[in-house]
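Read off the chains here:
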Amino acid sequence: MTLLLALLLAQAPTAQPPQPAPQPAAQPPAPKSAAEPDRLANARSLIAAGKYADALVDLQAVSQMYGNTPREQAEIGALRASALLALPETPEHKQDAADALVGMYHVDPEGTALAHATDAAKQLAQQIRSSRTLVLTDRIVTARSGRPLRIRARLAGAHVGEPQLSLNYSAQHQNEEPEYVSIPMDRVAAADTYEAWLRPGVGGVPGGGEHLLVYYIEALGPDGSVLDSNGTAKDPIRLTLSDTLPEAAGIAALDEGGRPAHPVIPPPPTPWYKRWGIIGPVVGVLVVGAVVGIVVAQPQPQPKNGTLGRLDLP
Amino acid sequence: MKILAALSLCALLGGCKQQDAAALVTITGAFRIPADADMLSMDVYDGPLAITHKDWCVTTSASCPEALPLQPGGLDQTITLVEGGGDHPHVKINLALQKTGVLVGQGTNTADFQSGTTVNVPIVMTR
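Description of the structure in this document. Values in this document were obtained by computation on a predicted structure and should not be read as measured data. (Residues numbered from 1 in each chain as written. Chains lettered and ligands numbered in written order. Predicted model: local features only at pLDDT ≥ 70, side-chain atom pairs only at ≥ 80, totals over all residues. Heavy atoms only, no water.)

**Observations concerning empty space enclosed by the protein**
The cut-off we apply is this: Every definition here rests on a 1 Å grid over the protein atoms only: cavities are sets of points where a 1.4 Å probe fits but cannot get out, pockets are open sets enclosed by protein on both sides within 12 Å along at least five of seven lines, and lining residues have some atom within 4 Å of a point. Grid points are joined across faces, edges and corners, and a volume is the space filled by probe spheres set on the points. Gly is put with the polar residues, along with every residue not named as nonpolar or charged; the nonpolar set is Ala, Val, Leu, Ile, Met, Phe, Trp, Tyr, Cys and Pro, and the charged set is Asp, Glu, Lys and Arg.
This model, assessed by the stated rule, comprises 1 cavity of 30 Å³ or more. Approximately 40 Å³ is the volume found for the largest cavity. Of the residues belonging to the lining of the largest cavity, the class tally is 5 nonpolar, 2 polar and 2 charged.

**Describing the pairing of strand β11 (residues 310–313) of chain A**
Formally: Exposure categories follow from relative accessible area, calculated using a 1.4 Å probe and restricted to protein chains: below 20% of the type maximum is buried, above 50% is exposed, and the middle band is partly exposed. Secondary structure elements follow DSSP: runs of H or I of four or more residues count as helices, runs of E of two or more count as strands, with numbering from the N terminus. The pairing criterion is simple: DSSP has to find at least two bridges between the two strands.
Side chains Leu311 and Leu313 of chain A project from β11 of chain A onto a buried face, and the interleaved Arg310 and Asp312 of chain A project onto a face without burial. Two elements, β11 of chain A and strand β4 (residues 75–83) of chain B, share 4 bridges in a ladder whose sense is parallel. Counted as the bridge partner of Leu311 of chain A is Leu81 of chain B from β4 of chain B.

**Here's the deal with the interface of chain B and chain A**
What counts is decided by this rule: Only heavy atoms enter the contact rule, under which two residues are in contact if any of them lie within 4.5 Å. What gets called buried area is simply the loss in accessible area from a 1.4 Å probe that two parts show on being joined, summed for both. By definition, a salt bridge exists where a carboxyl oxygen of Asp or Glu is found within 4 Å of a side-chain nitrogen of Lys or Arg. Here a polar contact is taken to be a pair of N or O atoms separated by no more than 3.5 Å, where protein atoms must pair a possible hydrogen donor with a possible acceptor and residues adjacent in sequence count only if both atoms sit in side chains.
In this complex, chain B contributes 34 residues to the contact, which on the side of chain A involves 21 residues. A buried area of about 2200 Å², summed over both sides, lies between chain B and chain A, and 64% of it is on carbon and sulfur atoms. Put simply, chain B and chain A have 0 salt bridges between them. Linking chain B to chain A there are 13 residue pairs in polar contact (both at pLDDT 80 or more). Breaking the side of chain B that touches chain A down by element, the ones donating at least two residues are α1 (2–15), β1 (21–29), β2 (39–46), β3 (49–57) and β4 of chain B. Examining the composition of the side of chain B that touches chain A, we find that 6 residues originate from one element, β4 of chain B, more than from any other. When grouped by side-chain class, the residues that make up the side of chain B that touches chain A number 20 nonpolar, 11 polar and 3 charged.

**Notes on the sheet that holds strand β5 (residues 90–99) of chain B**
Residue and element names in this part refer to chain B. Applied cut-off: A fitted line through C-alpha atoms serves as each axis, taken over the contacting stretch for helices, and the angle formed by two N-to-C directions is quoted from 0 to 180°.
Pairing is antiparallel across the open sheet formed by 4 strands, whose spatial order is β3-β2-β5-β6. A single partner strand is all that each edge strand has here, and the edge strands are β3 and β6 (102–112). Pairwise comparison of adjacent strand axes, ignoring direction, gives a mean angle of 15° for this sheet.

**Comments concerning the state of the cysteines**
All names here are of chain B. The line we're drawing: A pair of cysteine sulfur atoms is labelled a disulfide when the two atoms are within 2.5 Å.
Enumeration over the complete set of coordinates arrives at 1 disulfide over all chains. The residue that forms a disulfide with Cys57 is Cys64, at a sulfur-sulfur distance of 2.0 Å. Residues Cys57 and Cys64 share a disulfide whose torsion about the S-S bond is about 105°; that sign makes it right-handed. On the basis of relative accessible area, Cys64 is assigned to the buried category, the value being 4%.

**Topic: the side chain of Asp108 of chain A**
All names here are of chain A. As a reminder, the rule being used: The charged-residue count follows a simple rule in which Lys and Arg add positive charge and Asp and Glu add negative charge, with His and chain termini not counted at all.
Among the structural elements, Asp108 can be located in the loop between α5 (91–107) and α6 (119–131). Buried charged residue Asp108 carries no salt bridge. Nearest counter-charge: Arg71, at 7.4 Å. With residues near it in sequence (within four places) discarded, Asp108 still touches Ala74 and Ala113.

**Let's talk about the packing of aromatic side chains**
All names here are of chain A. The condition that has to hold: In summary, the pairing rule links any two rings of Phe, Tyr or Trp, Trp by its six-membered ring, whose centres are within 6.5 Å, and it sorts them by plane angle into stacked for under 30 degrees, edge-to-face for over 60 and tilted for everything else.
This structure, assessed with the given rule, holds 2 aromatic pairs over all chains. Ring centres of Tyr180 and Tyr216 lie 5.0 Å apart, and the angle between their planes is 75°; on these two criteria the pair is classed as edge-to-face. On the criterion of sequence distance, the pair formed by Tyr180 in the loop between β4 (164–172) and β5 (181–184) and Tyr216 in strand β8 (residues 211–220) is long-range, its members being 36 residues apart. A residue is classified by how much of its surface remains accessible, and Tyr180, at 23% relative accessible area, is partly exposed.

**Some words on the environment of Ile151 of chain A**
Residue and element names in this part refer to chain A. On the secondary structure map, Ile151 appears in strand β3 (residues 149–156). Since its relative accessible area comes to 2%, Ile151 is described here as buried. A C-alpha to C-alpha distance of 9.2 Å links Ile151 and Arg139, two positions 12 residues apart in sequence.

**Quick word on the pattern of salt bridges**
Within the structure shown, the criterion is met by 10 salt bridges over all chains. Residues Arg187 of chain A and Asp192 of chain A are paired through a salt bridge, measuring 3.1 Å at the closest nitrogen-oxygen approach.

**A few points about helix α3 (residues 52–63) of chain A**
Side chains three or four residues apart in an α-helix point the same way, a direct result of the helix having 3.6 residues per turn. Our working rule: A helix's residues, less one, multiplied by 1.5 Å, set its expected span.
When the terminal C-alpha atoms of α3 of chain A are compared, their 16 Å separation across 12 residues agrees well with the 16 Å that a helix rising 1.5 Å per residue should span. Looking at α3 of chain A, one finds that the buried residues are Ala53, Ala55, Leu56, Asp58, Leu59, Gln60, Val62 and Ser63 of chain A.

**Concerning the nonpolar core**
Residues and elements named next belong to chain A. Short version of the rule: Among the buried residues, those of types Ala, Val, Leu, Ile, Met, Phe, Trp, Tyr and Cys that are joined through side-chain atoms within 4.5 Å form a nonpolar core.
If you look at the biggest cluster of nonpolar residues, it comprises 34 residues, and the most contacted ones within it are Leu59, Leu101, Met104, Tyr105, Leu114, Ile128 and Leu134. Where this core is concerned, the elements lending two or more residues are α2 (39–48), α3, α4 (70–86), α5, α6 and β1 (134–136). Top element by residues in this core is α5. It accounts for 8 residues. Contacts of Leu114, omitting those with residues within four sequence positions, involve Ala78, Leu101, Met104, Tyr105, Ala121, Lys122 and Ala125.

**Details of the pairing of strand β9 (residues 226–230) of chain A**
Residues and elements named next belong to chain A. Judged from the 4 bridges that link them, β8 and β9 form a sheet pairing that is antiparallel. Bridge pairing in β9 places Leu220 opposite Val226. Between β8 and β9, which pair antiparallel in sequence order, lie 5 residues; one of them, Gly224, sits at a positive phi of approximately 85°.

**Things to note about the sheet that holds strand β7 (residues 118–125) of chain B**
Spatially, the 4 strands line up as an open sheet ordered β11(A)-β4(B)-β1(B)-β7(B), and their pairing is mixed. For this open sheet the edge positions go to β11 of chain A together with β7 of chain B, each flanked by a neighbour on one side alone. The average undirected angle you get between the axes of adjacent strands in this sheet is 25°.

**Remarks on α4 of chain A**
Residues and elements named next belong to chain A. Taking 1.5 Å per residue, 17 residues should reach 24 Å; α4 reaches 24 Å between its end C-alpha atoms and fits that length. Within α4, 12 of the 17 residues are buried, leaving the element largely enclosed by the surrounding structure. Taken together, the buried positions of α4 are Gln73, Ala74, Glu75, Ile76, Gly77, Ala78, Leu79, Arg80, Ala81, Ser82, Ala83 and Leu84.

This is how it looks when you write it as structure tokens:
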């Protein structure tokens, strides 16, 4: 019975992406609760124990939960591929496993989640990485609002010719289907790296405040075919624009001039006592005071005393 | 550079300071000290007002602490009068010589103080 259910679930991912949660507005998933068992850890244990079909059931349940972190999404993909590749080999299983691994790379460009995968999954991941085009981007969930945003992506794997990357974004409003604006991404100096800027108040980008920005990045081949898409219109990357969230204050990764690995810490403001507007007058007063003091302290010339001395008149 | 300018300013301003107005009173006369006189007294007047008095004695005492130097060849001394804070631009100086309490000689002159300078006021003591 369990095997039958697992086989049924294994067919599903061709129509439904494995890891990212669906949008809450259209299809609200169940939030995690403290009392809920850790089904991801359970799936990990089941795979280690060779119970791949049971693991797929848990992984399917976990992937539909709302609020999975990118790290959890990547691990779900790696474990799902591991379980599928351990089932009796069919073209569908292999295709689903490949899709799961591509999804893993989309949220985990370095593939660190493969540490939990089986050797078969690692081998397939290596094959994917070298044989097909992957659009990789560092997903950041929060950024400062009202500042220019730089979205960067890079191409990995094999590709023929010069693919064109496009950034499709939408500032989402509640209960509305996002209407995406598509802009081409410019190639930068680094190899196979592209970027696009979103400027506040331009092209539908919010000028400030709290907003949810959804986007996905597509790589199109010379013939216009989609080579890969990191995020999709139905399941986009979600980025919160905020000027109040603590994480937003420290993230400069997408800000103009910022670099992902090195948040820019603005220099502290000059203390009031070090400003020239204060130092200048104070130094001036001190110099003038010193000059006046020296002048006042100069001894007054005295007339020469007589042989009988000197007599000061009162 | 700033320090140099400040010091120059100090020197400039310091150089502008003037001495008080003063008078160098030169006292001469045919009086041998102590043979002919043993005490010299000075009174300074601003009009009718006596503004200061001072004595010099050959033999100093509590009432006459200032010494009158011995001058067997004749009296020849100087005293510097300084017009300090007081406003006495024109004064009269009276000098008297005594011998054992007896007046033996006198001399007088006036002095007009001038700001920043020392004027000479000669007084010849006569019997």
